[in-house]
Structure formats: C-alpha cells, structure tokens
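The primary structure of each chain is shown beneath.
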Amino acid sequence: MAAIEQKGMYKVFPRSGKNVSFTHYCPGCGHGIINKLIAEACAELGLQDRTIFVDPVGCGVFTYYYWDAAHISAAHGRASAAATGACRARPDAVTIAYQGDGDLGAIGFNNAFQAASRGEKFGCIFVNNSLYGMTGGQMAPTTLDGETTTTTPFGRDPALTGHPLHVCEVFAQLKAPVYIARVSVADTRRIMQAKQAIRKVFEIQRDGKGYAMLEILAPCPTNFKMNAQDAAAFCMNEMEKEFPLGVFRDETGREALSVRPIPQVASCSELFAEKDAVPAAETDASFAERRFKFAGYGGQGILSLGLTVAEAARLERRHTLWFPSYGPEQRGGSANCSVVVSGTPIGSPTVEHPDVLVCMNQPAYERFVGDVKSGGTVIVDETVPVKVQPPEGVRLIVWPAIKMAEEFGVPKAANTMMLAALKKFKCTGLSDESLERALVASFKKKPALGEKNRELLRLAESRDSKA
Amino acid sequence: MTKFVKGNEAVVMGALYAGCDLYFGYPITPASEIAHGAAKWFPMLGRTFVQAECETASINMMFGAAGAGKLCMTATSGPGFSLMQEGISYLAGAELPAVVVNVNRAGPGLGNVYPEQSDYTPAVKGGGHGSYQTFTLAPASAQEMFDLTMKAFEMAAKWRTPAVVFADGLQGQMMETVLLPESGLQRPDFSDWAAQGEPKTRENLVKSIYLDAAQQEQFNLHLQEKYAKMAEDAIGEAYLADDAELLIVGYGISGRIARTTAEELRKVGVKAGVFRPVTLNPFPREQLAAVAKGRKIMTIELDAGQFADDVRLNLAKAGLGAEAAGVKMVHRMGGEVVSVDDAVKSAKEMI
C-alpha cells in the first residue's frame, strides 16, 4: 500500500482488533476526503494541541481513529450540545463538532439550531449525503424528493414526508452565526473550495469569533447504490439542484460581542457573607417544639410573616424550618406557610397539627382550623366570619389586623398587625426582643420601613381583641 | 457562617463550594430555584451558567464539559430526569464525573409539582440503558442539600461516575439554616483522561464505544468492579436504634418523618428506632443489617413501594431473609406526604 499523507492524522488507523492502515469509509465516500481536509486545516494552522473534536454517531463516529487531536465522542444527535459544553468549559480551545444529516438534521436539529442561535464558539461541520449512512441508507431530512432509500423504497413522497430540509438556509435566519456556507467534495474543484471553507471554520475558532456552520455535500456510493463516479455525479447534478453551494453568511470581519460586566466576587465566602449572620442552632431539650401555620391570600404578607417568626427563632438559636405552599396553589391566590421551631433537630417538616394557626381569610380558616392541636391557638382576622368553631381546648383570637393596618394608613402592614397579636398573646415561645429584631431585619433593604413597622407593631399591641 | 436558605439554594451553594465550574439547566418546578441561584451566583464567581433548550441538551452539554475536564452539574425534576437518562448512561459509559440533582415531583407523566420519591428506581439503579450505576445521595435537610451536593462532586470525581443528588419538592422549597464551611474543595485534575484542548491532553479520547464485544465486556466488568468498590463510601444514619423492637427505615424527607414517628412511638412506650440511608447507591447494607437483625421493619416512603423492595433486597443480600420477608410499608403518593399520625398507627399495628 502506498504511503498516505499524515498531516494532522495518526500514522495508522487501528481498527478494532487489528492494525490496518486504511479507513473504515467505503470507497468513493465523501467522509474520507472531508476527514483529510479537516486534518490538514487543523495541522496547517498549528491547532492540533488546542483542538477538541466532538464526534457524532453515524459514519463519522470513528473520526477519532484519524485526527491527531483530543476527541469527545458524543451521543447520537448531541454533538452540538456536547460541543457547547466543551467550548464553554474550555474557551481557549478550538472546538469542532462533526455531524451527519440524520444526526444534525433530524434527532439533533434543535440542539444544533439552538447552539447556532446562542452563537456558541464552536465550528460545526455538517456532512450532507442525503441519507443515514451507518444505519443502512434510510431517509434523512435531507433526502431528495423522489430519492429511493431503505425507508422510502418507492422514492421520497413529499405528500407524506415533506421536502428536503435546508439547514444552511434555516440557520441563515439566525443573528448570531458568524459564518454559514455550503460546499461539496464531489470533484477536485469543489474539494479545493471545501478546503478553504474548512480552514475558515478553524480560523474563526482560533480567533474566538463565534459560531460557524459549514455544510458539505458528500457522495455515499454504497447507499446511493452507485459506483463512485455516478455517486459524485448525483451529488453534483441532483443534490446541488436542491442544495445550492454558496456562502450564506460571512461576518468574520465583525467584532465578537463582549460579555456585559456583572458584579464579581473572589470567593464563595465573600459571595455568601452576611453582615449579621446568626450563629448555628443549639440543642436545648427544655424548649418545647412549636408548629405554626400561616394562611391567607397572596399579597397579605403571609409568607413573610412566617419568615419573620422563623428569623426570630433563629436569633434565639432554635432549630427552625420554614416551608411555603408552592406551584399552582400559590398562583391561585391563596398562600400558606409552615414554621417549625424546636429545641432539638426537627424531624418531620410538615405541620399536621399546628400549635398556632394564623388565618387572614375564610377559606384558609375553614381549611385548617380543625387541625389545630388541643391547647393551641387560632388567630383569625376579624373580617373572617367564624362559622366553624375550633376544636375543644383551642383558644380563638379574633384580631382586627387588616382594619388596623388600614387605619394606620399602611394596608400592607396587616401581617405586622398579626405579628403584634402573636407577640401580645405570647404564642411563639420567643422573646419580644427577638420578634421585633426579626421584624426590623425583614426590611433590611428599606430600614426606614423596618422602624415604621416596629412602631406600628407596638401600637397594635395596645388594642384589645375579641378573644 | 450560617445562611437561612431554601434547600434548592443550598444545592447551588454546595456546588460552588465543591468547585463546580459550569451549570447547564432547563427550568422545571420544583427545582427552578436551583437554576435561579446558579444564574446569579455562577457568573459572579466567574463561572458559567447556560440555560439549555431542553434537558436532553443540558445533559449532553454536561457530557461535553465533563469530557473537557471540568466539574459541571444540572438540576431537574421527574420529567426532565427521564429525558436525561440517555445522557447519564453516556456519562457512565465514558466514566465522566458530573452531578445531576433530581428534585422529585409527583408522577407519572405530568403529575404535579408536589413531593414524591417515585423516581427511586432511575435515580438509584441507573435509569438509562446498559449496566451502569450512579453514586446516589439522598439529603434530608437544607444542610444536607448543601453537604451532599458537595459530596456528590467529590464522589463523582473519585469514582469517575455521574452522581445523583436525589431530593424532593418539599426539601427544595423548605428553608432551614445551613452552616457554610470556611473554604471549598480543591478542583481535581482530570488531564490524564479529559479532552482539554491543551498539549498534554492531545492524545485523550472520551468515548463510551467499544466496537469489539470482548472489549465491551471487559469494560462492563471494569465498571462492575468499580461499583462494588463504591460500597466503601456508603453512608447510613441510625437513630434510637440500639434497643428498638421496631426499625423504621426511610430516606430523605421520609427519614425525617420516621424520626418524629419514632419519637412519638417512644412516648407511648413503643421502642422504635430509625435507619436512614444517606447514600442510596451504594446502599448502606451492612449498616442497615447491623441494626435490623431480629427487628420488625417498617418503611416510610413517597412512592408505590420501590424503596421497600430495595430494603427487602438489601436485607436478603445481607442474609436477613426473615427480616426482609416481614418488611411493611407506609406510603403516600401524588404529592401527599405520610403523616406522623398514619405512620404511628401503622407501626402500632405491627407491634
């Protein structure tokens, strides 16, 4: 066998179990030529050390036999997704995805398209031979109208399967790609053009300019069921009618977008540093566990009321847990949250039988009032008609939270008014000081409001309830 | 330093302290806060956040990033986790370290966004194609959402395997205090196998294909040997188990319900204890066997019994066939959570 040129390629291509020095491609296949052009471009530009090839599933799966550079062998259709990961992980590398028309055009189309749309910094070499090669010549999205394949044995019927997919034309609708072109390797002239285009894809990556898509029309004599010459002729005469060669986008001259600056920190500790971080909980078995449920409409500050009680508990180094209703329940307008405060590590996080239930609307009251533990307390806003009595042994406090907040001219402070009741009637097992500190801390971003709420809290406490 | 955070946020913090450099994700309730935290915090530390077009893309982006030698992660819930299974199989097949967080929601199908543990089998047994496993950890608190996410990266790197942090919707949303460490983990060096686009890694090839059947079998044997060795990192936690006549077994949120249940049972004179697997794969089989021998066993779980079956299997493999045969379960599904009342009632019926 004649010596083969090795530029950018391994000296031998060891196939499984043997050491043979010819490729796995069929005679007359376009892949072999394309592989050589890619290897040459990579080597001539001196990029072998910097290159990460992302290999497809399909006839191109074994490119790692040939190209002398690092490889990642991706799942079927996912080379563009994997190349996204690789180029994001290694911005200084030259990342090249190599994909066929089943791989890119069908199963992986969205991954390729979205990568192009994001302007990922990799080059995508897309080999279009109008069918699935490796799996046995089935129809691909690129199969020509009327073309016979193993899954279009009577020829592709556009009435049933649509028309060939024009990848370059579709991608050319996107703003981000820097370069989009279609070439062919069906004859020498075309091969020389393809070589220039492949070089360009590498140069774009070398210079970090952005996304490049190069579609290459390639003959597949085996699945065309033709000899090499006829396959090349089919590629030039039939495929080019459907898929005209040309450059669809060349903006290699444009400046790559620079990333907008955002605040930077040096370390995790700096990122998560808190000025007044509370020390960790301490175990104190003498503190009896208390379970709270807060319920009402969204917008009444129910969740932040729960958070304030939780924060007060944290200030006292209690084990503390806060849990909100979430998902569609929340969007439906009602909101509730649970808080558990304990002297020992908290087991079950759910509040089946609250010691304290705070309700700001009727549905919440009626839903939860029956669950309250004997010896527990229900605080309900006075706007709620109490049609259902709490279980025996449960204290009921009717409290004008919403009304007071309106009287004070701060309707949003109804939750602070409820906190006043919790404080006044000693429902939390937590000190007044902690509750007030937690309330003020909940307005960390608006300190003036914190002080205002503390004032309102104290005013509200002086009110009588209809207990 | 402490932070009062949602379990989902604790996951992101854990990942950052572990040295995770890239996050790839797609929104899904009840895991979305993980993506929100990552989108904000990763770039502030000069790390990378990418919103993928789908979960299939996320997991394959991870394949590329892990293949390029960086620590990376994603987080999702049931439907997204299903979509990722093929990619997780590829990660296992290429022996790539990566972390997938599954904040389990109710299924099957669209289900709802409330907590379940019904993805047990795919999360613990390897849900994709081929004979692979993942290193699977089951946090039970915000602190463990942090700690075990960190640990997941450590284990993924140590065993060159995808690791799964298997949580549930309740834990994702729940806020608790997390104690943060002084500093994070050192980033591991993967240059002996990763494709990093550097001179020293030029010869490296990341792949999961062995065309030759004998080679593929050899590779499978290698994997199985590795998975057997992972048992050295199994973690379980026993509580009140020494003198227990009834052992309640549960993981994650169910493990906490088990804890309260045991405490309630002790108040009425039933000697109950708890065993909570912290790693689900490797399963802490020996640790379970040590406290299960001769005990009555009840599981608490938010699925149809997938976990109970695995407990039976592990007991049987540990030579505790009689205990395995007697395992009873209390469970809920659909987003309902087992109540302590129900668990206490079932336990009393067993005694």
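What you see is a predicted model, and the numbers here were worked out from it, not measured in a lab. (Residues numbered from 1 in each chain as written. Chains lettered and ligands numbered in written order. Predicted model: local features only at pLDDT ≥ 70, side-chain atom pairs only at ≥ 80, totals over all residues.)

Looking only at helices and strands, chain B features 13 helices and 16 strands. Since a compact globule built from 351 residues should have a radius of gyration of about 20 Å, the 20 Å found for chain B is in line with a globular shape. With respect to the principal axes defined by its C-alpha atoms, chain B has extents near 70 × 50 × 40 Å. Looking at chain B as a whole, 62% of its 351 residues qualify as buried. (Helix = DSSP H or I, 4+ residues; strand = E, 2+ residues; numbered from the N terminus. Rg over C-alpha atoms; globule rule 2.2 N^0.38 Å. Buried ≥ 20, exposed ≤ 12 C-beta atoms within 10 Å, placed from the backbone.)

Between two packed helices, the angle of one axis relative to the other and the distance separating the axes together describe the packing. Residues and elements named next belong to chain B. At their nearest, the axes of helix 10 (residues 285–292) and helix 11 (residues 306–317) sit 9 Å apart, and the two run at 80° to each other. Overall, the two elements helix 10 and helix 11 adopt an arrangement that is roughly perpendicular. Contacts between helix 10 and helix 11 pair Arg-285, Leu-288, Ala-289 and Ala-292 from the former with Asn-314, Leu-315 and Lys-317 from the latter. Residue classes in the contact of helix 10 with helix 11 are distributed as 4 nonpolar, 1 polar and 2 charged. (Axes fitted to C-alpha atoms, helices over the stretch in contact; angles between N-to-C directions. Parallel < 35°, antiparallel > 145°, perpendicular 65-115°, else oblique. Contact = placed C-beta atoms within 7 Å. Nonpolar A, V, L, I, M, F, W, Y, C, P; charged D, E, K, R; others polar.)

Turning our attention to the nonpolar core. In terms of nonpolar packing, the biggest core is built from 264 residues, with A:Val54, A:Ala86, A:Leu214, A:Ile216, A:Met418, B:Val101 and B:Ile248 touching the most fellow members. Ranked by the residues each element gives to this core, the list is headed by helix 6 (residues 142–159) of chain B, at 11 residues. Leaving out residues up to four positions away in the same chain, A:Val54 has contacts with A:Ile72, A:Ala74, A:Ala79, A:Ala82, A:Ala83, A:Ala86, A:Thr95, A:Ile96, A:Ala97, A:Tyr98 and B:Gly64. (Core = buried A, V, L, I, M, F, W, Y, C linked by C-beta atoms within 7 Å.)

Contacts between chain A and chain B engage 60 residues on the former and 69 residues on the latter. Elements with a contribution of two residues or more to the side of chain A that touches chain B: strand 1 (51–55), strand 2 (70–73), helix 2 (79–89), helix 4 (109–118), helix 10 (268–272) and strand 11 (319–324) of chain A. Among the elements that take part in the side of chain A that touches chain B, helix 2 of chain A stands out by supplying 8 residues, more than any other. When its residues are assigned to classes, the side of chain A that touches chain B shows 34 nonpolar, 17 polar and 9 charged. Here strand 11 of chain A runs beside strand 9 (residues 175–179) of chain B; their pairing, made up of 2 bridges, is antiparallel. When the bridges of strand 9 of chain B are listed, A:Leu321 appears paired with B:Glu176. (Pairing = 2+ DSSP bridges.)

Our next topic: the environment of A:Leu257. Residues and elements named next belong to chain A. By the secondary structure assignment, Leu-257 is in the loop between strand 9 (246–250) and helix 10. Owing to 9 C-beta atoms within 10 Å, Leu-257 belongs among the exposed residues under this scheme. For the pair formed by Leu-257 and Gly-210, sequence separation is 47 residues and the distance between their alpha carbons is 9.0 Å.

The next point concerns helix 13 (residues 340–350) of chain B. Residue and element names in this part refer to chain B. Taken as a whole, helix 13 has its buried residues at Val-340, Ala-343, Val-344 and Ala-347. Along the long axis of helix 13, the arc covered by the buried residues comes to 100°, so they all point the same way. Facing away from the buried side of helix 13, by more than 90 degrees, are the exposed residues Asp-341, Lys-345 and Glu-349. Buried positions along helix 13 lie against strand 12 (246–249), helix 9 (252–267), strand 13 (272–277), strand 15 (296–301) and strand 16 (328–331). (Arc of directions from axis to C-beta.)

With that settled, consider unusual backbone geometry. A cis amide bond, omega 0°, links B:Gly107 with the succeeding residue B:Pro108. Counting through the fold element by element, B:Pro108 comes out in the loop between strand 5 (98–106) and strand 6 (112–115). Here the amide bond leading from B:Asn281 into B:Pro282 is cis, since omega sits at 0°, within 30 degrees of zero. Locating B:Pro282 in the fold gives a position in the loop between strand 14 (279–281) and helix 10. A positive phi angle, close to 60°, is found at A:Lys225, a residue other than glycine. Locating A:Lys225 in the fold gives a position in the loop between helix 8 (221–224) and helix 9 (228–242). At B:Leu240, a position not held by glycine, the phi torsion is positive, near 55°. Of note, B:Leu240 is situated in the loop between strand 11 (236–239) and strand 12.

What follows concerns the domain arrangement of chain B. All names here are of chain B. The assigned domain composition of chain B is domain 1 (2–232) and domain 2 (235–350). Relative to domain 2, the C-alpha centre of domain 1 lies at a distance of 27 Å. Broken down by secondary-structure element, the contributors of at least two residues to the side of domain 1 that touches domain 2 are strand 6, helix 5 (120–125), strand 7 (135–137), strand 8 (162–168) and helix 7 (169–173). Among the residues making up the side of domain 1 that touches domain 2, the classes are represented as 15 nonpolar, 8 polar and 2 charged. (Domains from an automatic or database assignment.)

Right, let's talk about the sheet that holds strand 15 of chain B for a bit. Residue and element names in this part refer to chain B. One open sheet holds the 5 strands; their spatial order is 11-13-12-15-16, and the pairing between them is mixed. Edge positions in the sheet fall to strand 11 and strand 16, since each has one partner strand and no second. Sheet twist, expressed as the average angle between the axes of neighbouring strands with direction ignored, equals 20°.

Here we take up the sheet that holds strand 9 of chain A. Spatial strand order, 9(A)-7(A)-8(A)-4(A)-3(A)-1(A)-2(A)-10(B): 8 strands in an open sheet with mixed pairing. Every interior strand has two partners, whereas the edge strands, strand 9 of chain A together with strand 10 (205–206) of chain B, have only one. Of the pairings in the sheet, the one linking strand 2 of chain A to strand 10 of chain B comprises 2 bridges and is parallel in character. Opposite A:His71, over in strand 10 of chain B, you have B:Leu205 as the bridge partner. Relative to strand 3 (residues 94–100) of chain A, helix 2 of chain A is tilted by about 175°, and along the sheet it contacts strand 1, strand 2, strand 3 and strand 4 (123–128) of chain A.

Residues and elements named next belong to chain B. Taken together, the buried positions of helix 10 are Arg-285, Leu-288, Val-291 and Ala-292. Viewed along the axis of helix 10, the buried residues span an arc of 140°, placing them on a single side of the element. Close packing links the buried residues of helix 10 with strand 11, strand 12, strand 13, strand 15, helix 11 and helix 12 (321–325). One or two positions beyond helix 10, positive phi appears at Gly-294, with a value near 75°.

As a further point, take the pairing of strand 12 of chain B. Residue and element names in this part refer to chain B. The alternating pattern of strand 12 places Leu-246 and Ile-248 and Leu-247 and Val-249 on opposite faces, both of which are buried. Of the pairings in the sheet, the one linking strand 12 to strand 13 comprises 4 bridges and is parallel in character. Each residue of the ladder has a partner; that of Ile-248, found in strand 13, is Val-274. Of the pairings in the sheet, the one linking strand 12 to strand 15 comprises 4 bridges and is parallel in character. Directly across from Ile-248, in strand 15, lies its bridge partner Met-298.

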